[in-house]
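In case you want the letters, here they are:
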Amino acid sequence: MLTLPGSWNEALAAHTAGAGFRNLCARIACERQTQQVFPPAGDVFRALELTDLAQVKVVILGQDPYHDENQAHGLAFSVPDGVKLPPSLRNIYKELADEYGWVFMPENGDLSSWARQGVLLLNTVLTVRAHQANSHAKMGWEEFTDEVIRAVSLNSTQPVVFILWGNPAQKKRKLIDVKRHHVLCCAHPSPLSAYRGFFGSNIFRRTNELLVQSDRSPIEWNVDRFN
């Protein structure tokens, strides 16, 4: 049986013990023998490794991992340091620069510092076949990540801010107890939609304001300043 990191293992044990999840893992492992699959096997659950269930303050939902070489490393919207910033992440940094008056935007696309502060960077699908976007959609990951969202909503003892960008993420609102938690919605940072409600949303300032109102520490969004 798969052992998930930290307190996620107990919270998700009923799901990971089920036949559907076991079949999903077996199918992905089999595909890795003949196909290139991203991220590497050791990084599939990295979002859960870096942000324990008990420490979640913010949830940002992505769709599926980046599907080109050396990009995906288990965190939604994030790429390893040294990798060219993908368009959506560049737009995320542009919005942050506008909100906070940054003179320089980070060149480092690794958002691990966000994760270590309590930002769960969760894709709804956790693997992808190389160069084929959405190739592992509807294989079973969506059911697993729905359980992750439910676990955060149910088990968090303090209010969590859920950031839902675009219609697919906003459909997950039904999984969240909105009486206990905060939900912020706007357009996706993709170049196809960023000018239709992402830019100018003040989504990051609003998130930190809600955290402070809940007596939680705000997020340092500038990866160049976090230590």
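Before reading on, note that the structure itself is shown above.
Description of the structure in this document. (Residues numbered from 1 in each chain as written. Predicted model: local features only at pLDDT ≥ 70, side-chain atom pairs only at ≥ 80, totals over all residues. Heavy atoms only, no water.)

### Remarks on the packing of aromatic side chains
Phase 1: Under the counting rule described, the total for this entry stands at 13 aromatic pairs.
Phase 2: Measuring from ring centre to ring centre gives 5.3 Å for phenylalanine 77 and tryptophan 165, while their planes differ by 75°; the resulting arrangement is edge-to-face. On the criterion of sequence distance, the pair formed by phenylalanine 77 in the loop between strand S2 (58-62) and helix H5 (87-100) and tryptophan 165 in strand S5 (residues 161-165) is long-range, its members being 88 residues apart.
Phase 3: Note on tryptophan 165: relative accessible area 1%, which makes it buried.
Phase 4: Seen in terms of ring centroids, phenylalanine 204 and tryptophan 221 are 4.9 Å apart; in terms of plane orientation they differ by 70°. Their pairing is edge-to-face. Linking phenylalanine 204 in helix H9 (residues 203-213) with tryptophan 221 in the segment after H9, this pair joins segments that are 17 residues apart in sequence. (Phe/Tyr/Trp six-rings, centres within 6.5 Å; stacked < 30°, edge-to-face > 60°. Helix = DSSP H or I, 4+ residues; strand = E, 2+ residues; numbered from the N terminus. Buried < 20%, exposed > 50% of the residue type's maximum accessible area, 1.4 Å probe, protein only.)

### Quick look at H5
Along an α-helix, a turn takes 3.6 residues, which lines up residues three or four apart on a common side.
Phase 1: The first and last C-alpha atoms of H5 sit 20 Å apart over 14 residues, in line with the 20 Å expected at 1.5 Å per residue.
Phase 2: When H5 is considered as a whole, its buried residues turn out to be Ser88, Leu89, Asn91, Ile92, Tyr93, Glu95, Leu96, Ala97 and Glu99.
Phase 3: Those residues of H5 that are buried lie in contact with helix H6 (112-116), S5 and H9. (Expected span 1.5 Å × (residues − 1). Contact = heavy atoms within 4.5 Å.)

### A closer look at the pairing of strand S3 (residues 119-123)
In summary, the side chains of a regular strand alternate between the two faces of the sheet.
Phase 1: Most of S3 sits out of view: 5 of its 5 residues are buried.
Phase 2: Burial along S3 is two-sided: the face carrying Val119, Leu121 and Asn123 and the face carrying Leu120 and Leu122 are both buried.
Phase 3: In this sheet, S3 lies alongside S2 in parallel orientation, the contact comprising 5 bridges. From the neighbouring strand, valine 59 faces S3, where its bridge partner is leucine 120. (Pairing = 2+ DSSP bridges.)

### Details of the state of the cysteines
Phase 1: Counted by the stated rule, this structure contains 0 disulfides.
Phase 2: For cysteine 25, which is in no disulfide, the shortest distance to another cysteine sulfur is to cysteine 30 and amounts to 13 Å.
Phase 3: Cysteine 25 sits in the partly exposed class, given a relative accessible area of 28%.
Phase 4: Take cysteine 30: its relative accessible area is 48%, and that puts it in the partly exposed class. (Disulfide = S-S within 2.5 Å.)

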